[in-house]
Every structure is written in structure tokens, then in C-alpha cells.
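Examining the three-dimensional arrangement
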Amino acid sequence: MKLSPLSLGGYLVCVVYSAAPAQAAGNLTSLVNLFIGTASGANGGSGGNAFPGAAIPHGMAKVGIDVSTAPRQAGYISDNSSITGISLLHDEGTGGNTNGGYGVFPLFPLTNCSFQSCPVGIGPRAALRRAGTDSASPGYFTTTFVNGIKIETTSTRRAGLIRFTYPLATVNHVVVDLTNDLQRSFEGGSLSISANGRTKLAGTFLQSYGTDNYTAYACYDFTPPSSIPPQPLTNIATYQSTSASNPTNLNITTSITSLSFPFTPTVSKIQAGGILSFNSSSVTARFGVSFVSADQACSNAETEVPDWNWDAIQEASRSKWEDVLQRVQVDTNIENKTVVQMLYSSLYRASLVPANLTGENPYWASPYPFYDALFCSWDTFRTVHPLLSLTSPREWAEIVNTYIDGWRHTGFIPECRANTKAGYVQGGSDGMPILGDFAVKYGAKAQGLGVPSDDLYQALKDTAENTPPDWYRVGRQNTAWKTFGYIPTDWVDPSGSTGLATREASRAYEYALGDFAVRQAGIALGKSQEDIKLYGNRSMNFVNMWDPSVTSDGFTGFAQRRTAPSHSVRPMLALPLTLSDTLVREETTITLGSMSVSVIFGFERVILPELEPVASSWEMSFFAPHSVSTLVQLMGGTDTFVSRVDHYFSKGYFQAGNEPSFAIPWIYHYAGRPDLSALRVRQVVFKNFNTGIGGIPGNDDSGAMAALLTFHLLGLYPVPASNQLLIGSPLVSSFTLANNLLGTSTKFTVANFDATTLSMVPPAGSRVFVKSITINGKAASSLCTISFEQVVGGGEVVIEVDGDADAAQQRGCGGTLPDSLESGGFGGL
């Protein structure tokens, strides 16, 4: 339990959050704090946009309360905002529209009102919560309004239960809202209520990250089976606005039990829904959701919640979470309590999305899984998918199949699907590193996991070679990439393909990594040497965006945008590099539809309502995870490289919440200075993360921040599309990783672990530096890296630490540096 002081209109309000109901001792779910990262992003707040409602791992249904004030990307924020409903679908930890995504078909409990004069509109019905009553644990959420109505919910994958407990045993009411999602973006839909209370809904709304609309369906049942206490239904009605011009003036009509609003291409201001009355002090609603039909939503509810057994549903959800959390085990009795809570809360959030919508694909019939909330692969390829590779390859294989099936039916690997629709491409086509990673780690087991490896590879090749009509929605600007070996600015694609003409340098760096992923998959899957050489060479083309003449803060050489050369074809470049083409720095305005946006080209930071800033040149110039040794050379050698990384942090250029910064605390490894990485990781963790409502430095980004923190705490960091992980000094004395496919358990033990190092600046002489590593009794070949096979292979890894800074600097990696393609790593060029 924690006490969070909130400043509200000059008053200090203390809101208490707790995990409830209390779990038995030893259950890892009891260590999860669902309220981490739920502070508002308004007025400079951290804005983690975390979702604290009821859900199972990768569940489609995410049930929670919605507040009346934005930003509220996940519906909930930790303040005293009024509550407008409890709804069935939510995003987790995203950016996008600040009003939020989903929040569809909310219920709202009412009491002490006459049926036909109840405040059913979204504004009049809004209510405050009683202080200290928000409480949650994996699979369960509850709160209580100031009028004494208690709300509880629990869920399955596509269904669940919502319970309202009223303070008086009198006639009480439930509003079923058809039109008000979080964005107030209703464009048409329908509602029908049968005599037994079964309520079917369909609605079309705007996606939270993109330009499209989507249609969702729901089914509510209010007549429980005989095994559940009865809740007599006494009255049914619908309500709707008297007109679009007067949407807050609502009529409640008992003679009408169905409503239908035709689709309109613009958002409707109409408010409409149903209201049901019960002669009971407790009302339980069973719900189901679907993207196919209202009938399927009802079927989902009947299948997944057949007997309305609340305790069984909640325990099943808790058990699913316990299974996920048990895959990373620490001794919770001896480890630092804050670290333990951060670890298990992060493991929880990292498995909330992507959401398993298998059976709910509204676009094509397929025997393969269908996952949504991929947005964005740019966020998740660095940490979420590598974490799944260690502990959850069965689930990961289903998600990988989703990416492949997206290519199978659209021609390209999906990048940023949200609300079942394509969003925006933030950098490269960043599903490519995900598929390359899977090929490297599980290619030999792909058939057993149901992943067609030939399709996987063809999806990578097609995405690497073909240019889509709009590379801002999917795919890459490959015509330019293949023609010039870089992405020129102010260049019109003769094929007619278009996209957002910005971020040329940062996209080139990500395209290079995508090509490296194709190369790695080619090696893992036994493809042709011609392909392997082609994509390996092309992956080095990030150097073509390097300008050795640009100086900043006394450091020379940075990634920069450049124009096209006068000739039409330029050969691919590897090292050594020479640059002679014109570089561009400017500020301009571009138009997207009816929206004009300022695009700042100091390096390239794109500022859009829907798109978070990608990176600065200081940040992106460090991004070539497949060939960091190349960056070391370009920046002037090892000493200058280390000095430059130090300067990057000391000047405040590091952005803990921005994905291109994720690996930079570990990048000292490539200069043979894992001692500096150990110190920097601790600084990053204890400066930017905690167990409070502001405990995430920015959006959780679909679990990307959660998975990042997990890696930092465990002293590991993954190298994309490879079997290599950087290894360092863990923040726990031991942990065990269990792999749910291989059936292996690998224990990591930190010899001489020193708890005094658990601070932003460990005391001088504290034991924070890696001195030796043994793997199943044999000395490791490097103090900087460990292979994926060693991490998941079972047995024991012993990491010995000491406090001798001078000795740590001298021993460096104690052997080989982490791999870089240009210097012969990963099999060389």
C-alpha cells in the first residue's frame, strides 16, 4: 500500500492505492503494483499512461474506469477526476490521441433517481471516487464512488464480469452507453435490449493512432443463472439526444428498446444508450466483446463466463498472471523490496499487450493467430520481444505469426496496428528486427511452434525490397534506399509512392537494422549466400548519413540528412566512407490532410499530435546496434567515444523515455568499459523509475519501458536480431529464468552482491563491477556478452562482482568485445 499526495486546486488530497483482495503469502501477483505509471501527463507530469484495470496476459478485454479529463490514453489517471463509466477495451501505456483509445460501451451505476429522470448523459452522471478506494491486483479492479456505490470487475480474454454494489436495497439503475468512447468519436452504431436484459451493441469509432475508424461490438447480460443470487429486472428504456444540435438534451423512452444510427463520415455529437432498473442492492453484468459481430460478443461471454462464477474467473486470471511472473523468480524475502516491486510490476505490464484477438480478425479468414495493439513495433522491438524470447516463446511465436500473416494478406509486415487498423510508421518497418530475432533464436524450432519459416523469410525480403504506396502507414521507402544507399531529402519517388517526408537520417539507421535482420534470418534459416551478403552490405549503409564535418559541443561527426546526388544511381557504401553530397538543416511546415505541422530539421524531430518525437542527432548517432564498432571509429576512437557518451548524459541529452536512448547506458561495453555501464544503468534506474504513480519516465509504450526496466534490473540487455545479450551487474543477488518452451531454468547468481550499490550513485568501493563470469562451471570468454543459448539453456551463471574501479577499468571485457558486423562479428561481412 502506498500513500500518494496529489495537489488538487490548492488542496492536498491523499489517495491510497493497494493491491486487493490480499493474496496469499508467496504469490508473485501480490507484488505487482498496477498503479505505477498512472500519473497524469498534464502540466509536465510523467504520463506513463499505464492501465490499472482487469485483464489477463495479452487479453483483448481490458476493463477499467474512465476519467473525465485528458490526457487519459488508458482511460485512467491517478487524480480526483470524475468517472464517466467503466468500459471494456483500453490501450496500455501508449502515446497517440491524448483523449485515449477505446473506452467503448461504458456502464455506469445510478441510484437515488427516478427512472425517467436519471442523469444518463455523460456529463450529468459523472461522479467522484471516495478517497483511498481505488484498488487493484492482476485480474481485478475496484473503486467506490462518493455516493457509496462500489464497482468491481474481473475478466477473461474476451469477456468478464462487472459488479455494482449499491448502498441501499432499493431500485437501482445501470446505464449502458452506446455513443461515448474516450475520444467522443462515435460515427454510427446500434443498440438493442431484450426483455431479459440482454443488450447488444455495435459502434464505429476513430482509432487512437491513425486516420481510420473501426467497428467494435459488445454484449451485456443482466439475468444470471439460478446459481447466482437473483437481481430482478424491473424496467428497461433507451435514451437519446433530442437532436445533434442539442446533444445534451436527452429523452428517456420506455417504449423504445432498440436504437440505430447510420454511419456518418464525421463524428456525431449524439448521445444515446440504454438504462435498466433492478430491485436489488447488487447488480452483476456479464459482458463479451468482439470485432466481428454482436452475436459473437454474446457467444464469447457464454463460452468464457458460462456460470458467472466470479471467484473462479478472478482466480483463473490471477493464475495466468502467476504463471507469467513465475518465469522470472527472485527470493522476495531477501531482495530489495523496491526492486522486487519494480521487477514484477514491469513483468506484468510487459505482458498486457499485444492483445490476442485470435478469432476476432474482421478482415480475413486465417488459421493463424491475430494479435492487435502492435503499436508500435518501433517501441517494442528493442525490449518487449526480446523479453518474450527468454521466457515466453510460445506466446511470442503466436505474435510472430501475426506479423507474418499481416504480410501474407497485405504484402508487408505490419508495423503499428492499433484498434485493428494500420497506424503510422515511426521509423523503419520495425517488425523486421522482430522476425529476424525469432529466426535467429527459434528458427530451428519454428515448425514445432507453428511458424512457417519460409513465409517468415519471404515476409522479410518483400518488406526489404518492395515500396508500398504509402510508406508512412506500412513498409519502407525502399525505392530511395536501394537507389542511393541512403534516404535523400526533397526527393520525389518516380514510382508515385509517398509518405511523411521527414526523419530521413533516423529512418536510414532503422532501415539498416532491418536489413541486418534479413541477413541474420538468412543465416539462421540456411538461405543463399547472395542474400546474406546483399543484406549484410546494405545494413552498413547507415554510414551514408554520417557527416564528419558537423560539430556540436566540441564533438565532431553526426548523423545528418542529405539531398540526392546529381546522378540517379549511387552504389551501396560500406566502410571506408566518403561524403560529398549537400547536407540539409531547415525548419519547414508540411500539410497532412487538413492539418499543418511544424517539422524541425536541426536533425529531424517530427512533432505531430499523433507522433512522439523520434530522436535528436545526438541520440540517433549512437544507433547502429549491429555495428557499434563502426560508430566508435566514426566518432574518433575509443577514448573519444567514451567521452562523448559521458557528455551525452551530463548535458541532459539522454531521454529515458525515448526508445533510441534505451541501449545507450549499455553502450560503454563496446569500448571495453562495462564498469561504466554498471554505474550508468544504476543512475538511469534510480533517477527515472520508482514504484509511485509517476514511476515511469514517459509513456510505458506498450510495455517497452516495462521490459527495459526488467532487463536493467537483471543485468542483461539484448542485441536486436541476434543471439547476443550484453551482460552486466544485476540489481538482485540472484534470479532464475524459466523458458516455457524449452522447459529449462537458468539461475543467475551474483557472488559478493552488495546491496549498497542499489542507488543512483553507488558509494566508492561498493561491489558493483563484474570481475568474472562462469557458465555451468566454465569461465566465460567475455565479461561483456552472453549468448541467448546460455541464458535459456539451463544450469547456473555466476557473476562475481568487486569494488575495485581501477582493476575493473583495466580488465574491461576480459576478452572479446560485443559483436559488430564491420569488425567481423555476427559472422562478418
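Residues numbered from 1 in each chain as written. Predicted model: local features only at pLDDT ≥ 70, side-chain atom pairs only at ≥ 80, totals over all residues. Heavy atoms only, no water.

**Topic: the overall build of the protein chain**
Rules: A run of DSSP states H or I qualifies as a helix once it reaches four residues; a run of E qualifies as a strand once it reaches two. Both are numbered from the N-terminal end. Our radius of gyration is a C-alpha quantity, and the globule rule it is checked against amounts to 2.2 Å times the number of residues to the power 0.38. Residue exposure (1.4 Å probe, protein chains only): buried if accessible area is under 20% of the type maximum, exposed if over 50%, otherwise partly exposed. We call two residues in contact when some of their heavy atoms are within 4.5 Å. Charged-residue counts in this description rest on Lys and Arg as positive and Asp and Glu as negative, His and the chain ends being excluded. In this description, the location of a charge corresponds to atom NZ of lysine, CZ of arginine, CG of aspartate or CD of glutamate.
Summing up its helical and strand segments, the protein chain has 19 helices and 36 strands in all. Computed over the C-alpha atoms, the radius of gyration of the protein chain is 27 Å, within 12% of the 28 Å expected from 2.2 N^0.38 for a compact globule of 829 residues. For the protein chain, the spread of C-alpha atoms along the principal axes amounts to about 80 × 65 × 55 Å. When each of the 829 residues of the protein chain is scored for burial, the buried share is 63%. Residue pairs in contact within the protein chain that sit at least 24 positions apart in sequence constitute 69% of those at least 6 positions apart. Here the protein chain carries 53 positive and 66 negative side-chain charges, and the mean point of each set is 2 Å from the other.

**Focus: the pattern of salt bridges**
Heads up, the rule is: By definition, a salt bridge exists where a carboxyl oxygen of Asp or Glu is found within 4 Å of a side-chain nitrogen of Lys or Arg.
Under the defined criterion, the tally for this structure stands at 30 salt bridges. Residues Asp221 and Arg198 are paired through a salt bridge, measuring 2.7 Å at the closest nitrogen-oxygen approach. Of this pair, Asp221 sits in strand β13 (residues 213–221) while Arg198 sits in the loop between β11 (189–193) and β12 (199–206), and the two are 23 residues apart along the sequence. Here Asp212 and Arg473 are joined by a salt bridge, their closest N and O atoms 3.5 Å apart. Here Asp212 is found in the loop between β12 and β13, whereas its partner Arg473 is found in the loop between α9 (453–465) and α10 (478–484), with 261 residues between them in sequence.

**Thoughts on helix α15 (residues 638–650)**
Selection criterion: Every helix has an expected span of 1.5 Å times one less than the residues it contains.
Compared with an ideal rise of 1.5 Å per residue, which puts 13 residues at 18 Å, α15 spans 18 Å between its outermost C-alpha atoms and is within 8% of the ideal. Listed in full, the buried residues belonging to α15 are Phe641, Val642, Arg644, Val645, His647, Tyr648 and Phe649. On its buried face, α15 sits against β24 (546–552), β25 (555–559), α13 (617–620), α14 (628–634) and α16 (674–688). One or two steps after α15, the chain reaches Gly652, where phi turns positive at roughly 80 degrees.

**A look at the confidence of the model for the protein chain**
Heads up, the rule is: Residue-level confidence of the predictor is summarised by pLDDT, bounded by 0 at the bottom and 100 at the top.
Of the residues in the protein chain, 91% reach a pLDDT of 70 or more, and the chain-wide mean stands at 91. Note on residues 1–25: pLDDT is under 50 here. Beyond four places in sequence and across chains, it has 62 contacts. Every residue in residues 567–613 scores below 50 in pLDDT, and together they form 140 contacts with partners more than four places removed in sequence or on other chains.

**Describing the state of the cysteines**
The criterion, for reference: Criterion for a disulfide: a pair of cysteine sulfur atoms at a distance within 2.5 Å.
Scanning the model with the defined rule gives four disulfides in all. In this model Cys784 forms its disulfide with Cys813; the gap between the sulfur atoms is 1.9 Å. On the sign convention where negative means left-handed, the S-S torsion of about -85 degrees between Cys784 and Cys813 marks this disulfide as left-handed. One end of the pair, Cys784, is in the loop between β34 (778–779) and β35 (785–787); the other, Cys813, is in the segment after α19 (805–811), and 29 residues separate them in sequence. Assigning the bonded cysteines of the protein chain consecutive numbers by sequence position, one obtains the connectivity 1-2, 3-4, 5-6, 7-8.

**A short note on the sheet that holds β13**
Sheet strands associate in pairs through backbone hydrogen bonding, adopting either a parallel or an antiparallel arrangement. Threshold: Here the rule is simple: two strands pair whenever DSSP picks up at least two bridges between them. Between N-to-C directions, angles span 0 to 180 degrees; the directions come from axes that are lines fitted to C-alpha atoms, helices contributing only their stretch in contact.
The nine strands lie next to each other as β6-β7-β8-β9-β18-β13-β12-β11-β16, forming an open sheet whose pairing is antiparallel. Two strands close off the open sheet at either side, each with one partner strand: β6 (135–137) and β16 (258–261). Geometrically, the sheet is characterised by an average inter-axis angle of 15 degrees between neighbouring strands, direction not taken into account. Examined bridge by bridge, strand β8 (residues 150–155) and strand β9 (residues 159–165) share six bridges and lie antiparallel to one another. Looking at β9, one finds that Thr153 is bridged to Ile162. Strands β9, β12, β13 and β18 (282–290) of the sheet are contacted by helix α2 (residues 294–304), whose axis makes an angle of about 120 degrees with β18. Across the sheet, helix α3 (residues 310–325) touches β7 (140–144), β8 and β9, and the angle it forms with β8 is around 60 degrees.

**Topic: the side chain of Arg682**
Topologically, Arg682 is positioned in helix α16. For the buried Arg682, which has no salt bridge, the nearest side chain bearing the opposite charge is Asp754, at an N-O separation of 8.8 Å. Apart from the residues lying within four places of it in its own chain, the contact partners of Arg682 are Ser729, Pro730, Leu731, Thr757, Ser759, Met760, Pro762 and Val768.

**Details of the sheet that holds β35**
Spatial ordering of the open sheet is given by β29-β30-β35, a layout of three strands whose pairing is antiparallel. In this open sheet, the two strands that pair with only one neighbour each are β29 (716–718) and β35. Strand-to-strand twist in this sheet, taken as the mean axis angle between neighbours without regard to direction, amounts to 35 degrees. Sheet topology note: the strand β30 (residues 724–727)/β35 ladder contains three bridges and is antiparallel. Bridge assignment links Leu726 to a residue of β35, and that residue is Thr785.

**A word on the packing of helix α4 (residues 337–349) against helix α17 (residues 704–714)**
Helix packing for two helices is described by the angle between their axes and how far apart those axes are. Going by this rule: Just so you know how the angles are binned, under 35 degrees is roughly parallel, over 145 roughly antiparallel, 65 to 115 roughly perpendicular, and the rest oblique. Working rule for handedness: look at the near helix, and if it is turned counterclockwise from the far one by less than a right angle, call the crossing left-handed; if clockwise, right-handed. All amino acids are sorted into three groups, where Ala, Val, Leu, Ile, Met, Phe, Trp, Tyr, Cys and Pro are nonpolar, Asp, Glu, Lys and Arg are charged, and the leftover types, Gly among them, are polar.
Look at α4 against α17: their axes get within 8 Å of each other, and the N-to-C directions meet at 140 degrees. Judged by the inter-axis angle, α4 sits oblique to α17. The handedness of the crossing between α4 and α17 comes out as left-handed. The segment α4 lies against α17, with Val339, Met342, Leu343, Ser346, Leu347 and Arg349 engaging Ala706, Leu709, Thr710, Leu713 and Leu714. Of the residues belonging to the contact of α4 with α17, the class tally is eight nonpolar, two polar and one charged.

**Notes on the UniProt feature "domain: Glycosyl hydrolase family 92 N-terminal" (unreviewed entry) in the protein chain**
Our working rule: UniProt positions are given in the numbering used here, feature names are shortened, and annotations may be inferred rather than shown by experiment.
The positions UniProt marks with the feature "domain: Glycosyl hydrolase family 92 N-terminal" (unreviewed entry) are residues 31–290. For the annotated span residues 31–290, helix accounts for 2% and strand for 40% of the residues, and the straight-line distance between the end C-alpha atoms is 32 Å.

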